[in-house]
Structure formats: structure tokens, C-alpha cells
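Spelled out, the chains give:
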Amino acid sequence: MTDLSNVSVLVLGAGGLGCEILKNLAMQGIPSIHVVDMDTIELTNLNRQFLFSEADIGKSKAHVAAEFINGKRIPAADGTVVRVTPYFQDLTLFDKRFIASFTLIVSGLDSIEARRFVNTQLVQITLETKYEKCIPFIDGGSEGWKGHCKTIIPGFTACYECSLGTLPSKAESYPLCTIANSPRLPEHVIEYVLTVQWPREFPDQEFDGDQDPHLNWIIERSIQRARLFGIDDTALTREFVVGVVKNIIPSVASTNAVVAAQCCNEVTKLLYNIYDPESSPNFVVYNGDDGCFSYSFTHERLPDCLICGVLQ
Amino acid sequence: MDKYDRQLRLWDRRGQELLTEARICIVGQSSLGQEVLKNLLLPGASNFTVITEKMQSDQSFFEGGSLMRLNPRASIETVCWDTNQMANKHFWEKFDLVVIVTTYFKILEVLSKVKLPRSLICCTHEFSGYVRFISPHPHFVIESHPQHTTPDLRIMNPWTELKYYLESFDFTLEEDDFSDVPYIVIIYQALLSVKKRGDPVSRDAIKEEIRGMRALVHEGTTGANLYEAERFAHLATAQSEKVPDNLVRCFELLDQAPENGFDQTVQILLKSLKIYLGSDYSDKQLPLSGSIPDMISSTENYNNLKDLYQKKAKEDVKYFSSIVAKSRVHIPDTVINTFCKNTKNLRVVLPSRSLCFRPQATQILSQQQDAPTDLVKLLTDLINKQFKISDADSKNKMDTEKQSNSEMKSESKKFYPVISLIAGIAAQESIKILTHQFVPIENTFVYNGISNQSWTLKL
Amino acid sequence: MLKLRQMQKQKQEQLKSEGTSQALKHTKASQIRLQKDLNNVDLPPTIQIDTCDVARDCTLYLQIYPDEGFYAGGHFKFSLHFKDTYPIEAPQVKCTSKIYHPNIDPQGNVCLNILREDWSPVLDVQSIMIGLLLLFLEPNPNDPLNKAAAMDFKDSAANFAKNVAIAMRGGSLYGERYDYVMQKD
């Protein structure tokens, strides 16, 4: 049997995917789990983030998640009890030595920047230790009914930066002159109010979508502007406007369950020597809106990748 | 903000209501069943009956009250399997969906003989698992939310008001101010020119015509709308009177729908749609959806066009409603509206008809050319795991499980993600089935966690 | 993870015989990419580039000196701010000179397709520089941000040229006072 007593896994994010990843890793019997998340719990998290309840709103996700799992005293595969250690902080403030102390990293982040940070750190670690350390990085992502799982082994399989080209452009963006002169959609109106009217009116204040007065101003001005152009303003409900300005991505428990499970299954395969870095596919995409579709393939390393290109 | 905000953006209040009200039965108390329950409590499903095979349970993540806090409004009734009571179809009638995760043959045997409502059956074995959708009736979907659709613009055969509007544009290309004309107008005018010359109408002919326009426009203008028109030239030849295949299939299967609840509504709507298509009013065209995509245009031109399409859509709904009214079953306007908006994208799925795999199922599968041999083996193993006939007496099974030592248990830990994955898919399919939004699996999903592959088979 | 460990051992052996490889200069992928862009820049004589704030806050300054067209003889300042999302997202570009131009509004917003709807990670600093330069050589009145300027341009090129000349010398048009942007000879 594989000895898991020295295995320590770092989980990035304790959100929709993070809760699922933490639960799975605990049930897999990983003795030492660490989780980092700088967010606090909000009401709209509770349709999927099952380690939290309404009483936890405002508290640190990492802390509440760790407390929940530690309280269950789940037996680990090495005979001890699963222990989760929380970090309520920005993960980009972790130093390299800390990151280098883990066996594996699993990520359920929604931020591309944080993933790029970790990816760069891991490549650096493999580079500096001359391949003595090679920490697999399993990256999950979900959006509505869709998701992906990438298995990144620095120096061996495509790194996060190698597959940057497969990312969809971040948010729908409209030509500036369209939103200025010939808006047609409610989104055009909101975009203009947000990117042109707000900075003009409040040159010294950054817009903050979490502040009600800011949102109210955007909603009010958007309705005014829609009327000015004869655009149907009934579409400009609070939910709709918030969705556009905060670029809200729909999220549902079941997709997170599927994607997180996919990531954690990769952990099992790596730990139990079932994963072969030379032949196993490193990329799985999933879509559940029309039947269940999944597709796995090997994304090759980019020879001139700006990040992992230094690892020959 | 609503607790369910992030999912309402997928299935809206209509879907949420159906999910909240649905009565769901989960047969089996394994980790798989617990995970399915969790995945359905979270989005707000509230009425559950869990049927347990035995009193003691395995080590589970979700114990006691920890499930209830996910949805404090939910009621979860836990009852022990009782063959006398549960071999009767009346026990099952009250459920909208049954999710079967048990591997007790005695229970499965009873379930396979009784008439069940829409059901999902699922099972995992080590790194693999499956989910199967079972129902004697076809499953209709009004709101399939397709990712890509071709807009229905009727450029080829515009109704009078649209034709009048499209022809109101004076196309003197050498004159400058042309950049605010939406591509619907441009494509229509190109179509007219091609027809006028007596050339055969084709996508390429329209494209050629638009390219010709571009050469003529005032220098210095970007002609972005002309590029856009060229890109969408295929819309000129879209055959709006051709009933799409998915709808043809709905018509074919409509008589197999049961005559109650949602299915009765769908049946009436589909029958009315047939009458509608045969009427003089429709001229063989489906009701217009009324929405047009965004396109380069001045606000005014776009608003005018949008108004025309919306007005026509409203008229179509009105006429369609008058047909529906003849059925004497009251169908709310909102349902009729949603139906008319989605007629192009109506979908039907044929679930598997019986709980047990037909004995020859794997045989049929192995004869299919593209079925990989490992898939056949995988599915055979899964079926054997769930329907283990040698294990007919559940008492024996319990004893074997008791004997399993701690080492065995710790070995099985590594397969937990696969349980979690199959439970995720089972919950996802449950939501799609209960909300009648998005398209469920047709009808058996098989997953291999070693190769990360999956297949969907019609069994 | 035996298989992986074996593969690592092989690499380690290989590296022993080959010697050391180069290190990454930055910790942020966006900065590494921006540095690569800057190394590959091929400056036309009409553009000057100032990188003094790149290390501090990822902001790059450009000055454009059009040598032909309506704006010949002027110099126009731009700031390009690169976030950690670069190159997935385009940098934020502002024209820091207040100028009279159909596609640039008095607040400095720039209407250039590659900065918004047509941005792609394969584009770089060079593409943005060329895009901005083209705005001065060929202003586009059909995508206006400064509507008055666009109307003037459409109505009469001569009148537009006259207005550009006034604005570039710090004059006022339609109640808006513009910056003096003439090159000092």
C-alpha cells in the first residue's frame, strides 16, 4: 500500500470548487491539507459552498471550512486524523519556500492571476532545485454547467501559461464608440455608465461593486441613459446590472462537484502511481448543458513558453 | 441578493420553483446517495424521502444535522425499505423523481417490476461509474438553452411590415452615411439585387454582392457593418419554413407522452403547433421568437427593427394562443410565451425504458463499431456490481460488509472522488429533468476515471 | 508518485552533465510577458517610449509625433497601464494630452478596436503602438468618441484641418479648451 503519511496538499480557494475539493481530499484520507482563501462568506455562496451556513456570513472561508472538516475527525489513510490548516490571506503573498513544502497543489480559484502566480512559482521551484522538486499543480475551473481540469507537472506537462491561449477572453467587451454613440443593448448602457460616466463624475474614486451607493448610482444612471436612447429599461433590474458590472458567472453545486471530483481523482492517480506524466491526458473539459459531454486530451508544452520554457 | 442568485442566472425563477416543489426519492443510503442529496439540497430542492437498506451506515461526510443546514426549509423523511409497501406502484406515484443508488439486488428486483416515475439509476465501481435516465415516456424540454442558435430573421421571406421597412432604405452607396445600417437591411438588399439579375440565390452570390457594395462605399469609412453582413450572409438563405429535426422528433414522439402535468401541457402545445403550421396564418413558419442579435447599427435603426420583430412575435403568440384555447385546458400565458420563443429549439430525449439493463445491452454495445472494448468491460463490471445476482439475500451482503477490515476501508478511500463525480452528474441530471430546462442525458452516461473518458449510450 | 520521481531523477542526471540553465527574472507572468514585448519593440521614428515606471507600477508612457496627416507637427502623450491579467486583458490606455480627435474624447478615452473588442493575447505593445499611430494618420469619423470632431471631419476635411490646427495650439472649440501639443522646434 502507498504510504501517505508524508503527503501534504495545498488547496487554493475555499469557494464552490474549494469546498468540494476539501471534502474529497479529506474523504480520500489525505492527512495534511492546507487551504488558502482571502474571501469572506457571502449569502450568494450558500447555494453551493456547503461547508458554510448563514451564521457564517462575514467570516473567513478558509477558517470556517477548516473548522468544519477538523470537527468531523475524519480518519486519514495513514492512521492519523485528517487535519486542515487555514490561511485567510492573499496567496500571492506566500513565499516560495512555503509553497515548496507541499506534495501537490489543487486549485479551485476563479482568478487567472493567482493561478499564473502559483504556476510561475512552481516552475521556479523546479528550476532552482534542478528537478529535485516537482510539485504537480491540478487546476479546476467551473462556469455554469461547464468546467475544466488541468494537470500541470512543471517541466513535464504543459504549464498554465502554455495553455493561456485556450482561455476565453475575460468578459464581453464592446467597442467604446458603440457604447458612447449607438448603444443597442442594456449591457451597452451599463458599460458606458461604468467606464465613462463614473470616472468623469468621480475621478478620484475607484468603482466598487460591493458598495450599495456605488451600485445604486450605476443603476440610476443606466436607467436614465437607456431612456435617452429608447432602450427598454425594464431589463435593467438590480440583478442584471450587478451581473454585468461584477461580471457574475453563474454557478451551481453539481458542476462544482463534477469538476472538483475530476481534480481530486487526479490526486489519487498521482499518489497511487496510476498517473503517467508521459501518456495520461493533462486536460479535461466538461459540459453538462446538453447531455453530459467530457473530452480529455494532451495539451503539449509550448517550446517557447515564457514561463516553463526555461525548464529544458 | 438572493441566496440562489448564481443559479437563477441559469434556470430562472420558473426552474427554481419546480426544483423547490419537486418531491424526490433517493433509494439507498451509501455515500453516493448522501452526495446526491447534498447536491440537490444545495440548489434548494426541499422535499426528500430517503429509503435506507439497513440501519447502520458507513463513515459518511454528511451526517446528522450537517445536511439539514444546507437547506433549513427542506424536509427529509428517512424510511427503511419495506417490500410490502414499496412493491406497490401507489407508493411511487407521489414522487417527481426517483434516484436509485442502492446495490441491493432484492430492492432492485422489486423496483424493476413496479411502475416508477422518472428515475435515475447510478453506481460506481472503483474508478468508473454510470448514470442512467429511466422512464417509459419521452422527456420533453421547452427551454433547452442552446449555446449556439441561428437567429430567425426571415430575410428570405419577410412579412409585409418587415419587407416595407427593409425596402425603405435608399441604397446609394457612394453617399457617405451608410455605416449605421444594420446587416439585416444590407443582406436583404443584396438578396434583392441578386434576384433582380436573375442569378441563382446562394450564400456565395450574396457574399459576392456585399463585397461589391464594399468596393463602392465612400473611402475612409470602415464598412464594418458590411463586413458583418458578409459574415452573416448565410442568414439570407436560411429556410425558415423547414421544421428543424429536433422538432420533427418531438412531433413523432408526442403521442407517447403521458396525459398529465407538464407532459399534458407539452402535448397540447405541440398539437397546437402542428395546427398552427398547417394554418394559412403561419405560411408554414414557426412562431417568431422575437429576439434579434446585436449588430452594428445606429440605436434608432436597431430599435425600429427590434420593435418590428417583437410586434410580429406578439401577433404570432396571439394566433397560437387562439389555437391552444380550443383544447379547453387552461395553459398560462407565460408558458405559451416561453413555448413560442423556443419552438425552434424544442427537444425530446428517450430515456431507457426499464430499470434493468436488457441482458443483451452489453452485447449490442460490443457490436457497435465505435464502442471501445474497455467500455464494454467497464459497463459489464458496473452492471455486475449493481445487480449482483449472487447477492440476492441482503442479509449476506450486510455480513460481508461487517467483515471488511479497516485496511479494506482505507483502500476504498481513494475512490471517493469518483463517487463524488457520479453524484454530481446525477444531481445535475435531476435538476435538468425536474426543471424541464437544458437537455438530460440520452440515456446512459459511463465514466472511466483512469483514462478521464466518458461515453453517452442509448441503451 | 514513483513514475514522476523516476522522471525527475533522469532530468537531474541530464542537468548535471549540461550545467545550469537560466532563471526567471520576475515573479509575475504578466511582467515577464511585458518585458518580452519591450525587448521585441521595433520603434518607428515617430514614436518615443518611456519605461521609467514599468518596474514600479507597470505603466508605460508613449509619445507620438505624427510626421504626416492632420496631426503632423504635434506630439501626443499616452499612458499604458498593464495589470496582472496581461496579456489576457489589454492594457488600459489613456491619452494624457487633451486633444481634438474623432476617436479620442477630451477625458482621454481612446476608441481603438484592438484595445477592447478585438484584443487578443497574441497582440503586444508593438501592435498597440502601431494602432495608436494609425489613429493620427487616419482618423475614423464613423467610430466617433468626440462627435463634434467626427462631424467636422465628415462635413469638410479643410474645416477639420483648420480646427485641428487651432486645438493643437491650445485653442478652444465648442466650449472645450485643448492642450498645446505643438513640437517645439
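An unreviewed UniProt entry lists chain B under the name LAFE_0B07052g1_1, from Lachancea fermentati.

Looking at an unreviewed UniProt entry, one finds chain A named NEDD8-activating enzyme E1 catalytic subunit and attributed to Lachancea fermentati. According to the UniProt record, the Sequence similarities (unreviewed entry) comment for chain A reads "Belongs to the ubiquitin-activating E1 family. UBA3 subfamily." UniProt, in the comment section headed Catalytic activity (unreviewed entry), describes chain A in these words: "ATP + [NEDD8 protein] + [E1 NEDD8-activating enzyme]-L-cysteine = AMP + diphosphate + [E1 NEDD8-activating enzyme]-S-[NEDD8 protein]-yl-L-cysteine."

Trainee: Could you clarify how one ought to interpret the overall build of chain A in this entry?
Mentor: The helix and strand inventory of chain A stands at 9 helices and 8 strands. For a compact globule of 312 residues, the expected C-alpha radius of gyration is about 20 Å, and chain A comes in at 22 Å, within 12% of that figure. Seen along its three principal axes, the alpha-carbon backbone of chain A occupies a region of about 70 × 50 × 45 Å. The buried share of chain A, reckoned over its 312 residues, is 55%. Within chain A, contacts between residues separated by at least 24 positions form 67% of all contacts whose residues are at least 6 apart in sequence.

Trainee: How do you make sense of the interface of chain C and chain A when you look at a structure like this?
Mentor: A common way to express how large an interface is: the accessible area buried when the components associate. Contact with chain C, which involves 35 residues of that partner, is made by 38 residues of chain A. Per-class residue counts for the side of chain C that touches chain A are 15 nonpolar, 9 polar and 11 charged.

Trainee: How should I be thinking about the packing of helix H7 (residues 183-196) of chain B against helix H9 (residues 224-231) of chain B in this particular structure?
Mentor: Each pair of packed helices gets described by two things: the angle between the helix axes and the distance between those axes. All names here are of chain B. Contact geometry of H7 with H9 gives a least axis separation of 9 Å together with a crossing angle of 65 degrees. Helix-helix and strand crossings are classified by hand; for H7 and H9 the assignment is right-handed. Every residue of H9 that contacts H7 at Tyr-183, Ile-186 and Ile-187 is listed here: Asn-225, Leu-226, Glu-228 and Ala-229. Across the contact of H7 with H9, the residue classes break down as 5 nonpolar, 1 polar and 1 charged.

Trainee: Mind showing me how you'd approach the nonpolar core here?
Mentor: One broad rule of soluble globular proteins: the nonpolar side chains tend to lie buried together. The biggest cluster of nonpolar side chains holds 145 residues, and the ones touching the most others in it are Val-9, Leu-22, Val-35 and Ala-65 of chain A together with Ile-422 of chain B. No other element matches helix H18 (residues 416-435) of chain B, which puts 12 residues into this core. The residues contacting Ile-422 of chain B, other than those within four sequence positions of it, are Leu-32, Cys-122, Thr-124, Gly-129, Val-131 and Tyr-447 of chain B. Within the second largest apolar cluster, 55 residues are counted, among which are Cys-111, Ala-150, Phe-160 and Tyr-178 of chain C.

Trainee: I'm lost on the interface of chain A and chain B in this one. Help?
Mentor: If you look at the interface, chain A gives 48 residues, while chain B gives 49 residues. Taken together, the elements giving at least two residues each to the side of chain A that touches chain B come down to helix H1 (16-28), helix H8 (238-245), helix H9 (253-271) and strand S8 (293-297) of chain A. Among the elements that line the side of chain A that touches chain B, the one with the most residues is H9 of chain A, at 10 residues. Tallied by class, residues from the side of chain A that touches chain B come to 21 nonpolar, 20 polar and 7 charged.

Trainee: Looking at this model, I keep getting lost on the sheet that holds strand S1 (residues 47-50) of chain C. Mind explaining?
Mentor: Working definition: the strands of a sheet are paired by backbone hydrogen bonds and lie parallel or antiparallel to each other. All names here are of chain C. Strand order across the open sheet formed by 4 strands is S1-S2-S3-S4, with antiparallel pairing between neighbours. Two strands in the sheet have a free side with no partner beyond their single neighbour: S1 and strand S4 (92-95). Within the sheet, the average angular offset between the axes of one strand and its neighbour, ignoring direction, is 20 degrees. Here 6 bridges tie strand S2 (residues 59-64) to strand S3 (residues 76-81), and the two strands are oriented antiparallel to one another. If you follow Leu-60 over to S3, its bridge partner there is Leu-80. In the packing of helix H4 (residues 125-137) onto the sheet, the strands contacted are S1, S2, S3 and S4, and the crossing angle to S2 comes to about 35 degrees.

Parameters and conventions
Residues numbered from 1 in each chain as written. Chains lettered and ligands numbered in written order. Predicted model: local features only at pLDDT ≥ 70, side-chain atom pairs only at ≥ 80, totals over all residues. UniProt positions renumbered as here; feature names shortened; annotations may be inferred. Helix = DSSP H or I, 4+ residues; strand = E, 2+ residues; numbered from the N terminus. Rg over C-alpha atoms; globule rule 2.2 N^0.38 Å. Buried ≥ 20, exposed ≤ 12 C-beta atoms within 10 Å, placed from the backbone. Contact = placed C-beta atoms within 7 Å. Nonpolar A, V, L, I, M, F, W, Y, C, P; charged D, E, K, R; others polar. Axes fitted to C-alpha atoms, helices over the stretch in contact; angles between N-to-C directions. Left-handed = near helix turned anticlockwise from the far one by under 90°. Core = buried A, V, L, I, M, F, W, Y, C linked by C-beta atoms within 7 Å. Pairing = 2+ DSSP bridges.

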